[in-house]
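# Analysis of the macromolecular model
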Amino acid sequence: MNISDRHKASKNSAYWNDLVHGTTGRYKEAWIKKLVSEHLALRGGALMDVGCGSCDFMLDFRDRLHAESVTFLDYDPKVIEKLRPRYTGPGVYFQVADILQAGLNGRFDLVFFLDMLHEVYSFHGRPNRNLAEPVDHERGLAAVRTAVTNVAATLNPGGGIVITDNVLCEEDHPVTVKILAPRPRDAVRHFLADFPTKVIPHRFLDDWTLTLDSRDFCILLTQYNKIKNGDIDRWNVERLEIHQYWTLEQFRTMFRDLGCRICYEIGTPSPSYSEWMADFQVLEGMPNIPHKRITLLAIKERD
Ligand SMILES: C[S@@+](CC[C@H](N)C(=O)[O-])C[C@H]1O[C@@H](n2cnc3c(N)ncnc32)[C@H](O)[C@@H]1O
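Rules and cut-offs
- Residues numbered from 1 in each chain as written.
- Predicted model: local features only at pLDDT ≥ 70, side-chain atom pairs only at ≥ 80, totals over all residues.
- Helix = DSSP H or I, 4+ residues; strand = E, 2+ residues; numbered from the N terminus.
- Rg over C-alpha atoms; globule rule 2.2 N^0.38 Å.
- Buried ≥ 20, exposed ≤ 12 C-beta atoms within 10 Å, placed from the backbone.
- Contact = placed C-beta atoms within 7 Å.
- Pairing = 2+ DSSP bridges.
- Axes fitted to C-alpha atoms, helices over the stretch in contact; angles between N-to-C directions.
- Right-handed = clockwise from strand over helix to strand, strands pointing away.

### Quick look at the overall build of the protein
In terms of regular secondary structure, the protein is built from twelve helices and twelve strands. The C-alpha atoms of the protein give 19 Å as radius of gyration, which agrees with the globular expectation for 303 residues (19 Å, within 12%). The principal-axis extent of the C-alpha atoms belonging to the protein is close to 60 × 40 × 35 Å. Within the protein, buried positions represent 38% of all 303 residues. A separation of at least 24 residues holds for 72% of the contacts in the protein among residues at least 6 apart in sequence.

Below you can see the structure in the form of structure tokens.
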């Protein structure tokens, strides 16, 4: 089984629940609706959901925007087979394809990449698609750039791309962090010893305090709590991925080059931020614990 097949096979219903219905799902849905309604003058047109998973609010969007069509694209045939019977009717299309290989037909007005580009980064970024090897950062970024560029080429001027994912902080230097309780400390140690996707250089100064790169701290924050909370099934999926690949500035640069302006929100669903504040204290290197999620709308100004 290659890496993507292993990853597809390991996603269970608990995995989908948080993404779609849990805190994360509600958080991202609220911000997407706000950004689109405030910044995009769109009525009618064609929507596409890339890496659609079981994302339920897309038909809602179609109705709100009076869109003529919506295309659900995912490279996992199981995902598409689940959606097909639920989402019937005129103007609903399905495509099983890897976004890097999909021949995209026609033009679109609003395209969604919801929590999926980090998978493009994590799996296309691995040399030889080998789980035992860490992600090659530059290769991963090149894959993300290609996916977004291919889609941007199909967008009508005035149309948009929505991305949700986690984001790296702008700071890129060592931070010193104190861990405030035994469970997060044990989870952090487990994470640092068992994350095949990236080698994270770090140094423990004592039992509770470590230094690491600020951006690796962002990655750690996304990952450690699955271990802490004993969610080992979820951890077995997550340990194959990195959710953060770019900073806001890197998103801005890519979209400027593609003729798009961006609007965005960076934040963290409050239960996650409260958990971090209870588990960590930043002693040096950054003012506080960094926020993690980006909701970004890029609006195409020219072809
Ligand atoms: C983390 S899930 C997100 C699902 C949904 N968009 C959401 O936000 O709830 C990522 C989805 O992207 C799909 N995916 C990952 N890489 C892909 C690729 N290269 N081409 C197409 N689909 C991909 C996966 O099969 C999975 O369904």
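### Digging into the sheet that holds strand E7 (residues 202-204)
Strand pairing within a sheet occurs via backbone hydrogen bonds; the two strands may be parallel or antiparallel. Sheet architecture is open: four strands sit in the order E7-E8-E6-E11, paired in antiparallel fashion. Edge strands, defined here as strands with exactly one partner in the open sheet, are E7 and strand E11 (280-284). Taking each pair of neighbouring strands and ignoring which way they run, the sheet shows an average axis angle of 25°. In this sheet, strand E8 (residues 209-213) lies alongside strand E6 (residues 174-179) in antiparallel orientation, the contact comprising five bridges. Within E8, the residue paired with Val 177 across the bridge is Leu 210.

### Regarding the pairing of strand E2 (residues 69-74)
The buried fraction of E2 amounts to five of the six residues, a majority that puts the element mostly inside the structure. Alignment of E2 against strand E3 (residues 92-96), held across five bridges, turns out to be parallel. Within E3, the residue paired with Phe 72 across the bridge is Phe 94. In this fold, E2 hands off to helix H5 (residues 77-83), which returns the chain to E3; that crossover is right-handed.

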